[in-house]
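What the coordinates show
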Amino acid sequence: MTPAGERAVARLRELIEVARTIVPFTGAGISTECGIPDFRSPGGIWTKYRPIQFEDFVASQEMRDESWRRRLAMDAQFSTARPGRGHLALAGLHRAGKVPAVITQNIDNLHQASGIPDAAVVELHGNTTYAICLDCARRYELGWVRERFGAAGQSPDCEDCGGYIKTATISFGQAMPEGPMRRAEALTLSCDLFLAIGSSLVVWPAAGFPLMAKRNGAKLVILNRDATEFDDVADLVIHEDIGSVLAPFIAH
Ligand SMILES: [Zn+2]
């Protein structure tokens, strides 16, 4: 790390030590060292394939099949990914009682895998490691979907109600989930230190949270590989490798 990076880590340590309630807000950058691609980055999957809109998913079997083919093709990446240094550092702060919950834009389940309970992970874009019925919300595992897809030649519907089965993610064209949005707002307003980690902070409305925290009097730290449009208002900005910056905060 650069000398400026070392100084930034020291400053981050001070901010974390004096904070009573820390709320981390995480984006793709915390998971890239885990082998999870940043879908929106240049070369990411969404620049290669046009994303499937929610209305298209529910409108045709063909689009549901295509959506599931893409998801199942990526399953090796998701199912073998393990938490990175950033996830482990945040899990330690959670165990220490400093972090009541993590707000995340990620769908990779890695905060839960790092030991933070489900109830303390607020997922704004859902979770891609399992599926649900869009009508009755019954949960399905991806292995079951793969088996049925293979056997029938098309993606399966709900065994209980015939509804469409989709990964538990928020797709393009799908409304932001109300419950998680409300919880994220309440958390943001409850903290005295807001850590924006690995998010380019461009996807609204999620990107509104750092500013909300700052206006509410919290200190704002932005840790991201690239500059963001909120760097000017942050109390501390760190443009370094996320895992390297957070590694010293992993509790041993
Ligand atoms: Zn159902």
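Whatever comes next refers back to the structure up there.
First things first, this report covers the structure right here in the doc. (Residues numbered from 1 in each chain as written. Predicted model: local features only at pLDDT ≥ 70, side-chain atom pairs only at ≥ 80, totals over all residues. Heavy atoms only, no water.)

Tallied over the entire structure, the rule returns 14 salt bridges. A salt bridge links E66 to R69; the shortest N-O distance between them is 3.5 Å. Placement of the pair is E66 and R69 together in helix α4 (residues 61-73), with a separation of three residues, close to one helical turn. Judged by relative accessible area, R69 falls into the partly exposed class, the value being 45%. Here R71 and D75 are joined by a salt bridge, their closest N and O atoms 3.1 Å apart. (Salt bridge = Lys/Arg side-chain N within 4 Å of Asp/Glu carboxyl O. Helix = DSSP H or I, 4+ residues; strand = E, 2+ residues; numbered from the N terminus. Buried < 20%, exposed > 50% of the residue type's maximum accessible area, 1.4 Å probe, protein only.)

With that settled, consider the coordination of the zinc ion. Binding of the zinc ion to the protein goes through C133 (SG), C136 (SG), C158 (SG) and C161 (SG), at separations of 2.3 to 2.4 Å. Metal-centred angles of 97 to 119° between the four donor atoms at the zinc ion mark the site as tetrahedral. Donor residues for the zinc ion, ordered by position in the chain, follow C-x2-C-x21-C-x2-C. Of this pair, C136 sits in the loop between β4 (126-133) and β5 (139-140) while C161 sits in the loop between α8 (142-152) and β6 (165-169), and the two are 25 residues apart along the sequence. Exposure remark for C136: the relative accessible area of 36% places this residue in the partly exposed category. C161 sits in the partly exposed class, given a relative accessible area of 39%. (Donors = N, O, S within 2.8 Å, 3.2 Å for Na, K, Ca; no water. Tetrahedral: all angles 85-135°; square planar, octahedral: opposite > 155°, others 65-115°.)

Right, let's get into the environment of G198. Relative to the helices and strands, G198 resides in the loop between β7 (193-197) and α10 (208-215). G198 sits 46 residues away from S244 along the chain, and the two C-alpha atoms are 13 Å apart.

This brings us to the sheet that holds strand β8 (residues 219-223). Reading across the sheet, the six strands line up as β3-β2-β1-β7-β8-β9 and stay open at both edges, with parallel pairing between neighbours. Here the strands that pair on one side only, and so sit at the sheet edges, are β3 (121-123) and β9 (236-238). Strand-to-strand, the axes of this sheet are offset by a mean angle of 15°, without reference to chain direction. Sheet topology note: the strand β2 (residues 102-104)/β3 ladder contains three bridges and is parallel. Bridge pairing in β3 places T104 opposite E123. Packed on one face of the sheet, α10 meets β1 (22-26), β7 and β8 and runs near 160° to β7. (Pairing = 2+ DSSP bridges. Axes fitted to C-alpha atoms, helices over the stretch in contact; angles between N-to-C directions. Contact = heavy atoms within 4.5 Å.)

Moving on to the packing of α4 against α8. Contact pair α4 / α8: the axes reach a minimum separation of 11 Å and the direction vectors enclose 125°. Classified by the angle between their axes, α4 and α8 sit oblique to one another. Our pair here, α4 against α8, has a crossing hand that is left-handed. Across from D65, W68, R69, R71 and L72 in α4, the residues of α8 making contact are L142, V145, R146 and F149. Its residues placed into classes, the contact of α4 with α8 shows five nonpolar, no polar and four charged. (Parallel < 35°, antiparallel > 145°, perpendicular 65-115°, else oblique. Left-handed = near helix turned anticlockwise from the far one by under 90°. Nonpolar A, V, L, I, M, F, W, Y, C, P; charged D, E, K, R; others polar.)

Another aspect to go through is unusual backbone geometry. Phi angles above zero are rare outside glycine, and N109 is one such case at about 70°. In this structure, N109 sits in the loop between β2 and α7 (110-113). Look at N109 and you get partly exposed, because its relative accessible area is 24%.

Our focus in this paragraph is the nonpolar core. Counting 52 residues, the largest nonpolar core has L12, F25, L124, L193, F194, I197 and L246 as its most contacted members. Not counting chain neighbours up to four residues away, the residues in contact with L12 comprise L195, V221, L236, I238, V245, L246 and F249. Listed in part, the 13 residues of the second largest apolar core include L72, A131, L142 and F149. (Core = buried A, V, L, I, M, F, W, Y, C linked by side-chain atoms within 4.5 Å.)

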